[in-house]
Amino acid sequence: MDSLKGILAAALTPIDAEERFAPAAFDALLERLYTAGVDGIYVCGQTGEGLLQSVDQRKAVAEASVRWSPAGKQVIVHVGAYRTQDAVELARHASGLGVAAISSLPPIGPYSFGEIRAYYEAIARVSDVPVLVYFFPEVCPTIKTIEQILELCAIPNVAGLKFTDFDLFRLRLIKQSGAVIFNGRDEVLVAGLLMGADGGIGTFYNVAPELFVDVNQRALRGDWEGAREVQDRINALIRVTLHYPIFPAVKEMLRWSGIDCGECIRPRGGLTPQQRVELRRELEACGLAWDTPVSRA
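Parameters and conventions
Residues numbered from 1 in each chain as written. Predicted model: local features only at pLDDT ≥ 70, side-chain atom pairs only at ≥ 80, totals over all residues. Heavy atoms only, no water. Helix = DSSP H or I, 4+ residues; strand = E, 2+ residues; numbered from the N terminus. Rg over C-alpha atoms; globule rule 2.2 N^0.38 Å. Areas by Shrake-Rupley, 256 points an atom, 1.4 Å probe, with all protein chains shown as cover. Lys, Arg positive; Asp, Glu negative; His and termini not counted. Charge placed at Lys NZ, Arg CZ, Asp CG, Glu CD. Core = buried A, V, L, I, M, F, W, Y, C linked by side-chain atoms within 4.5 Å. Buried < 20%, exposed > 50% of the residue type's maximum accessible area, 1.4 Å probe, protein only. Contact = heavy atoms within 4.5 Å. Phe/Tyr/Trp six-rings, centres within 6.5 Å; stacked < 30°, edge-to-face > 60°. Lys NZ or Arg CZ within 6 Å of the ring centre and 35° of its normal. Salt bridge = Lys/Arg side-chain N within 4 Å of Asp/Glu carboxyl O. pLDDT = per-residue confidence, 0-100. Expected span 1.5 Å × (residues − 1). Arc of directions from axis to C-beta. Pairing = 2+ DSSP bridges. Right-handed = clockwise from strand over helix to strand, strands pointing away.

Take the overall build of the chain next. Across its full length, the chain carries 11 helices and eight strands. The C-alpha atoms of the chain give a radius of gyration of 18 Å, which matches the 19 Å a tight globule of 297 residues would have. Along the three orthogonal principal directions, the C-alpha set of the chain runs to about 55 × 45 × 40 Å. For the chain, the accessible surface area stands at approximately 12,500 Å², while carbon and sulfur atoms represent 51% of it. Between the centroid of the 30 positive side chains of the chain and the centroid of its 36 negative side chains there is a distance of 0 Å.

Bringing the nonpolar core into the picture now. I102, L161 and L279 are the most contacted members of the largest nonpolar core, which has 87 residues in total. With eight residues, helix α4 (residues 113-126) is the single largest residue contributor to this core. Non-local contacts of L161, meaning those with residues more than four positions away in its chain, are made with L132, V133, F135, I149, C153, I174, A179, V180, I181 and F182.

Here T203 lies in the loop between β8 (199-202) and α8 (209-220). Since its relative accessible area comes to 13%, T203 is described here as buried. Once you skip the residues sitting within four places of it in the chain, T203 turns out to touch A10, T47, D186, F247 and V250.

Under the definition given, this model contains seven aromatic pairs. For the pair Y119 and Y120, a centre-to-centre distance of 5.4 Å together with 80° between the ring planes defines the contact as edge-to-face. Across this residue pair, the class does not change: Y119 and Y120 are buried. Aromatic side chains Y134 and F136 sit 5.9 Å apart centroid to centroid with 10° between the ring planes, which places their arrangement in the stacked category. Of the two residues, Y134 and F136, neither departs from the other in class, the shared state being buried. Through successive ring pairs, a cluster of aromatic residues spans F21, F26 and W68. Directly above the aromatic system of W68 lies the positively charged group of R67, at a separation of 5.0 Å from the ring centroid. A cation over an aromatic ring shows up here: R280 above the ring of W256, its NZ or CZ 4.9 Å from the ring centre.

As a further point, take the pattern of salt bridges. Taken as a whole and judged by the stated rule, the model has 21 salt bridges. The salt bridge partner of E18 is R20, with a shortest N-O separation of 3.1 Å. Across the pair D223 and R218 runs a salt bridge, and its minimum N-O distance is 2.7 Å. With a relative accessible area of 24%, D223 lands in the partly exposed category. If you follow the salt bridges from partner to partner, you end up with E252, R255, D260, E263 and R276 in one network.

Moving on to the confidence of the model for the chain. When pLDDT is averaged across the chain, the result is 95; 97% of the residues are at 70 or more. Across residues 292-297, where pLDDT falls below 50, the model places 12 contacts with residues more than four positions away in sequence or in other chains.

It is worth spelling out helix α1 (residues 23-35) at this point. Along its 13 residues, α1 runs 18 Å from first to last C-alpha, staying within 8% of the 18 Å computed at 1.5 Å per residue. Along α1, the residues classified as buried are A25, F26, L29, L30, L33 and Y34. On an axial view of α1, the arc spanned by its buried residues comes to 165°, and they lie on one face. Of the residues in α1, the exposed ones pointing more than 90 degrees away from the buried face are A24, E31 and T35. For α1, the secondary structure elements touched by its buried residues are β1 (6-10), β2 (40-43), α2 (55-67), β3 (74-78), α8 and α10 (246-256). G37 sits one or two positions beyond α1 and adopts a positive phi of about 100°.

Let's shift gears to the pairing of strand β4 (residues 101-104). The side-chain alternation of β4 yields two buried faces, one formed by A101 and S103 and the other by I102 and S104. Two strands pair when backbone bridges link them, and β3 and β4 are joined in this way by three bridges, in the parallel orientation. Paired with V77 across the bridge in β4 is I102. At this point the chain moves from β3, through helix α3 (residues 84-96), to the parallel β4, and the crossover so formed is right-handed.

Here we take up the pairing of strand β7 (residues 180-183). With burial as the criterion, each face of β7 is covered, one bearing V180 and F182 and the other bearing I181 and N183. In terms of strand pairing, strand β6 (residues 158-163) meets β7 through four bridges, oriented parallel. For K162, the partnering residue across the bridge sits in β7 and is F182. As a crossover connection, the stretch from β6 through helix α6 (residues 168-175) into β7 is right-handed. Across two bridges, the pairing between β7 and β8 is parallel.

Dropping the structure here:
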């Protein structure tokens, strides 16, 4: 459990025009992330569009993640699915690859807490590696209380959670129970670390991994003022991006930097030509330049 910590990019899943996994672009993305110093990757989650991919394609992404991650780096595979049977199959597969951990959103839908608990119990039973609950109240409002979260964390083989919420008071109380916690809100990584998070997992790590690594390193040595300053730079990027559909915007930024991850999986659309131009202008106005010029066509 002690090895689960640090900065993990919630990696995008590159896809081609037929919405198939594009391994060459994924290889390039992982090289970029690991060169920047991230401690690992979190694949097939919300950012990686896992729920929109087939079970077989998600297995291929998990296998590539392990194959192309250097020794000593952590790979956490999101195995969440609409059907418990699919989540169990993905959990068995990922844990057999020797990943650091698996993780899962709660089942999406109007399920009771008892049904959600049974879902996590089923995953945890078949996994040979630790399990992280994915706490995201915007997606699953059924999990409402600290007591419910601690009950899920008490399931055998559950190590802790990915905490995607702004309630850092609650994060701290959960951390005091001994659970592993990864901060999931990119905007407040420095605050999450101050309140005891073991690390962070997030979307914007794809486009600015060095900044998130820097925040964590400064936090580890107690340079909180410096960490806040770097967080401000991160938040300038986030503030601009929130004016647009986030995942298409992040893919566009990666394309500008030379890594073409394709479009998002339908039904999610992409940016319009005008949005691409406006996004580029806003980023440049904030001093966030890119090496590759954007087309104004």
